Amino acid sequence: MLLLLMMLNSLIEQTKRVVLRQFPSSEIRPPPEYSKKSNVPNANKEVPNKCHESNNEELKGTIFDFIRNIKDPEKPATLEELEVVSEDSIKIKPSTPSCISVIQVEFNPTVPHCNLATIIGLCIRIKLERALVDPFKLDIYIKEGTHSTEEEINKQINDKERVAAAMENPNLRSLVEQCIIEEE
């Protein structure tokens, strides 16, 4: 039993070293303190938020830089040029207790019946999922009142399974790749 505990401690230390090498700025949190009377974590003890809150304005600018040059699927212009996205339409909400940034992007289709609004939302999602490295939760919405089927589209572009299924379709994947490719 003692040998098993020693091996387990060694494995934990090796894991910590690997994590610190891969993520030098991350903090490894100690396990919660347990009461001596029971094995239930001490619920009265307040755990400070150790998240590294970045400058929200800087993060908004970075996110906007990633999505501004996405090409419109129909027109020879970018989403910024068509005023589909703007820096003001990006909101950074406070991090969750597990230090996951919550990013909300709202976009404005060019016309209320735009039949490619779902593709635009998918392009924004894929571009940001590929570009951002920190843990994040991404919410993408059509600006309220700007599209005739906004609720349905919002549901589609924020459903992981639907997004994965869409990206398995070779025609859709090709269209998204053409829209998000960076020109030199």
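Structure's up top.
Worth saying up front: this structure is predicted, and the values here are computed from it rather than measured.

Novice: Explain the overall build of the chain to me, and be specific about the residues and the numbers.
Specialist: The secondary structure content of the chain amounts to six helices and three strands. Secondary structure elements of the chain occur, N-terminal to C-terminal, as α-α-β-β-α-β-α-α-α. Counting over 184 residues, the chain shows a buried share of 30%. Taking the contacts inside the chain whose residues are at least 6 apart along the sequence as the reference set, 59% of them involve residues at least 24 apart. Accessible area of the chain: about 12900 Å², with a carbon and sulfur share of 54%.

Novice: Residues and numbers for the nonpolar core, please.
Specialist: Among the nonpolar cores identified, the biggest contains 35 residues, and I63, I67, V105, F107 and I124 are the most heavily contacted of them. Looking at this core, the elements with two or more residues in it are α2 (56–67), β1 (90–93), β2 (101–107), α3 (117–131), β3 (136–142), α4 (150–157), α5 (160–168) and α6 (170–180). The dominant element in this core, judged by the number of residues it contributes, is α3, at eight residues. Leaving out residues up to four positions away in the same chain, F107 has contacts with V84, V85, A117, I120, G121, I124, I140, Y141, I142, K143 and I157.

Novice: Would you mind going over the pattern of salt bridges in detail, with residue names and values included?
Specialist: Opposite charge on two side chains allows them to pair when their charged atoms are near. The full count for this structure, using the stated rule, is seven salt bridges. The residue R68 makes a salt bridge to D65 at a minimum N-O spacing of 2.7 Å. By sharing partners, the salt bridges in this structure join D65, R68 and E80 into a single network.

Novice: Give me the lowdown on the sheet that holds β1, citing residues and values where you can.
Specialist: What holds strands together in a sheet is hydrogen bonding between their backbones, with the strands either parallel or antiparallel. Strand order in this open sheet of three strands is β1-β2-β3, and the pairing throughout is mixed. Strand pairing shows two members of the sheet lacking a second neighbour, β1 and β3, which therefore form its edges. Adjacent strand axes in the sheet meet at a mean angle of 20 degrees, parallel and antiparallel pairs treated alike. Strand direction decides the pairing type here: β2 and β3, joined by seven bridges, are parallel. The partner of V105 across the bridge, within β3, is I140. Relative to β3, α3 is tilted by about 160 degrees, and along the sheet it contacts β2 and β3. Packed onto the sheet, α4 meets β2 and β3 and runs at close to 160 degrees relative to β3.

Novice: Run through the state of the cysteines, naming residues and quoting values.
Specialist: All told, the structure shown has zero disulfides when counted by the stated rule. Free cysteine C123: the closest other cysteine sulfur is in C179, separated by 4.1 Å. Owing to a relative accessible area of 3%, C179 belongs among the buried residues under this scheme.

Novice: Just give me the short version of the packing of α3 against α6, but keep the residues and values in it.
Specialist: Running from N to C, α3 and α6 cross one another at 70 degrees; their axes reach a closest spacing of 10 Å. Considering their axes alone, α3 and α6 lie roughly perpendicular with respect to each other. Here α3 runs over α6; the crossing is right-handed. Facing α3, whose interface residues are I119, L122, C123, I126, K127 and R130, α6 presents L172, L175, V176, E177, C179 and I180. Within the contact of α3 with α6, the residues separate by chemical class into nine nonpolar, no polar and three charged.

Basis of the calculations
- Residues numbered from 1 in each chain as written.
- Predicted model: local features only at pLDDT ≥ 70, side-chain atom pairs only at ≥ 80, totals over all residues.
- Heavy atoms only, no water.
- Helix = DSSP H or I, 4+ residues; strand = E, 2+ residues; numbered from the N terminus.
- Buried < 20%, exposed > 50% of the residue type's maximum accessible area, 1.4 Å probe, protein only.
- Contact = heavy atoms within 4.5 Å.
- Areas by Shrake-Rupley, 256 points an atom, 1.4 Å probe, with all protein chains shown as cover.
- Core = buried A, V, L, I, M, F, W, Y, C linked by side-chain atoms within 4.5 Å.
- Salt bridge = Lys/Arg side-chain N within 4 Å of Asp/Glu carboxyl O.
- Pairing = 2+ DSSP bridges.
- Axes fitted to C-alpha atoms, helices over the stretch in contact; angles between N-to-C directions.
- Disulfide = S-S within 2.5 Å.
- Parallel < 35°, antiparallel > 145°, perpendicular 65-115°, else oblique.
- Left-handed = near helix turned anticlockwise from the far one by under 90°.
- Nonpolar A, V, L, I, M, F, W, Y, C, P; charged D, E, K, R; others polar.

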